[in-house]
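For reference, the chains in residue letters:
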Amino acid sequence: MRYTVDAVSIICSIHYMQFPAYAYPVYAKYMVAQVNELAKMSEQEVGEHRKQLNGIKVRGKEPQRPIKNWNQCGLSGRVLDVIRKSGFDTPMPIQAQALPIIMSGRDCIGIAETGSGKTLAFVLPMLRHIKDQPPLQQGDGPIALVVAPTRELVQQISKDTKKFCKVHNMLVVAVYGGSGVANQITELKRGAEIVVCTPGRMIDILVTSGGKITNMRRVTYLVFDEADRMFDMGFEPQISRIHRNIRPSRQTVMFSATFPRSVSCTHWSLPFHTLCISCQGVHTHVSKHIAMFLSQAKTIWPHKEAAENVCLSCCAQSITPLTTQHSTQSYKFCIQACLW
């Protein structure tokens, strides 16, 4: 039996329905070609450049080469102006490698710690992806869907995305629990190119009114942010219901702080040719200085004599006597701990 596009509109079914590929319209996936400056680099030069980017590693077949500046990633001049005004002079390591991969239309997994610039790494290609698609029509759902585990993260991603969407007159809707659903439904009915959501609230929206509020027929760019947290928080059934009702030929991007063995590509229905980017080298942007109150020190080390302050520095997992660079009147002992 041949299914029509209308059959896909009721995505709220718990059961997975396999629709033929010809039920979906063709969309532009390959957005930007590699610039000549990067194409002329030798493999040795590419390896040296990746070492300079905190030793970033890429696993997969024929990965794209990392960019060196914003002009090499194929963004419009208006978006580049917003980037420069925001104070981003050069791409961060995860951005330098993820941007050319996503811009070329490939699926990828980005592994980098919190605060490393992962949000911009999938937001910027998302803008270019949407601009290359036909404009939304009445009754169309979003073109890009970003799924995050918590309300706070959805609000942060939505705020960062809106800053760049203004130059292209794109609309962003944040869908999350803990707030009034009426406003979210109203915004979705008006139409928006981008929806940033939590899994549970998005499913609630999709099953309301028989799936007439919004739909996923137009979703061709799918992002899972903090994927490891969603897995740990037990969102596997909700995630499965969402991505199984989106066209199989979509572009899927996943970012995570870690990628344990239990979270495999097959578990998230990612294709085998997916590229994996790992940026877990030297961390320079996270402060490693911690202050602990005296009451906490007494609780953790009751056998030690009370001290006025406790100093923690990230060197090794050991407790050492007070060193000469600290005042004996302010510190009693120095605790050297390692941040993971």
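For the structure, check the block above.
This structure is a prediction, so every number in the text was calculated from the model and none was measured. (Residues numbered from 1 in each chain as written. Predicted model: local features only at pLDDT ≥ 70, side-chain atom pairs only at ≥ 80, totals over all residues. Heavy atoms only, no water.)

As for helix α4 (residues 93–103)
- Here α4 lies mainly inside the structure; 11 of its 11 residues are buried.
- Turning to α4, its buried residues are P93, I94, Q95, A96, Q97, A98, L99, P100, I101, I102 and M103.
- Looking at the residues trailing α4, positive phi occurs at G105, about 90°. (Buried < 20%, exposed > 50% of the residue type's maximum accessible area, 1.4 Å probe, protein only. Helix = DSSP H or I, 4+ residues; strand = E, 2+ residues; numbered from the N terminus.)

Focus on helix α7 (residues 181–190)
- Restricting attention to buried positions, one finds in α7 the residues Q184, I185 and L188. An end-on view of α7 places all buried positions within 100° of arc, on one side of the element. Summarising the geometry of α7, the exposed residues directed more than 90 degrees from the buried face are A182, N183, K189 and R190.
- On its buried face, α7 sits against β4 (172–175), β5 (194–197) and α8 (199–207). (Arc of directions from axis to C-beta. Contact = heavy atoms within 4.5 Å.)

Notes on the packing of aromatic side chains
- Following the criterion strictly, the structure yields 1 aromatic pair and no others.
- When the ring of F122 is compared with that of F255, the centres are 5.8 Å apart and the planes differ by 40°; the resulting orientation is tilted. Of this pair, F122 sits in helix α5 (residues 118–131) while F255 sits in strand β7 (residues 251–256), placing them 133 residues apart in sequence.
- Residue classification places F122 among the buried residues on the basis of a relative accessible area of 0%. (Phe/Tyr/Trp six-rings, centres within 6.5 Å; stacked < 30°, edge-to-face > 60°.)

Describing the environment of D81
- In this fold, D81 is placed in helix α3 (residues 77–85).
- With a relative accessible area of 40%, D81 lands in the partly exposed category.
- For the pair D81 and F164, spaced 83 residues apart in sequence, the C-alpha to C-alpha distance is 9.8 Å.

Quick look at the nonpolar core
- F122, L124 and I194 are the most contacted members of the largest nonpolar core, which totals 53 residues.
- Broken down by element, this core gets its largest block of residues, 8 residues, from α5.
- Beyond its immediate chain neighbours, meaning those up to four positions away, I194 contacts M126, L127, I130, P142, A144, T161, C165, L171, V172 and V173.
- One finds M202, I213, A227 and I246 within the second-largest nonpolar core, a separate group that totals 28 residues. (Core = buried A, V, L, I, M, F, W, Y, C linked by side-chain atoms within 4.5 Å.)

Side note on the pattern of salt bridges
- Under the counting rule described, the total for this entry stands at 5 salt bridges.
- We note a salt bridge from D81 to R84, for which the minimum N-O separation is 3.7 Å. Linking D81 with R84, this pair stays in helix α3, spanning 3 residues, or about one helical turn.
- Its relative accessible area of 43% is what places R84 among the partly exposed residues.
- Between E152 and R151 there is a salt bridge, with the nearest N and O atoms lying 3.6 Å from each other. (Salt bridge = Lys/Arg side-chain N within 4 Å of Asp/Glu carboxyl O.)

Concerning the sheet that holds strand β3 (residues 144–147)
- On the basis of which strands lie adjacent, the open sheet formed by 8 strands has the order β1-β8-β2-β7-β6-β3-β5-β4 and mixed pairing. Because the sheet does not close on itself, it has two edges, and the strands there are β1 (57–59) and β4. Pairwise comparison of adjacent strand axes, ignoring direction, gives a mean angle of 15° for this sheet.
- As judged from the 4 bridges shared by β3 and β5, these two strands associate in the parallel manner. (Pairing = 2+ DSSP bridges. Axes fitted to C-alpha atoms, helices over the stretch in contact; angles between N-to-C directions.)

Description of the side chain of T214
- Position of T214 relative to the elements: it lies in the loop between α8 and β6 (221–225).
- Relative accessible area serves as the criterion here: at 4%, T214 is assigned to the buried category.

Some remarks on the packing of α5 against helix α6 (residues 151–165)
- Packing of α5 against α6 leaves a shortest axis separation of 10 Å and a crossing angle of 40°. As far as their axial angle goes, α6 and α5 are oblique. Helix-helix and strand crossings are classified by hand; for α5 and α6 the assignment is right-handed. Mapping the contact onto sequence places T119, L120, F122, V123, L124, M126 and L127 in α5 and I157, D160, T161, F164 and C165 in α6.
- For the contact of α5 with α6, the residue count by class is 9 nonpolar, 2 polar and 1 charged. (Parallel < 35°, antiparallel > 145°, perpendicular 65-115°, else oblique. Left-handed = near helix turned anticlockwise from the far one by under 90°. Nonpolar A, V, L, I, M, F, W, Y, C, P; charged D, E, K, R; others polar.)

Details of the environment of V172
- Along the chain, V172 falls in strand β4.
- A C-alpha to C-alpha distance of 5.8 Å links V172 and A192, two positions 20 residues apart in sequence.
- What V172 contacts, discounting residues up to four positions off in sequence, is S158, T161, K162, C165, I194 and V196.

From the geometry alone we can't say anything about function, so treat these as descriptive.
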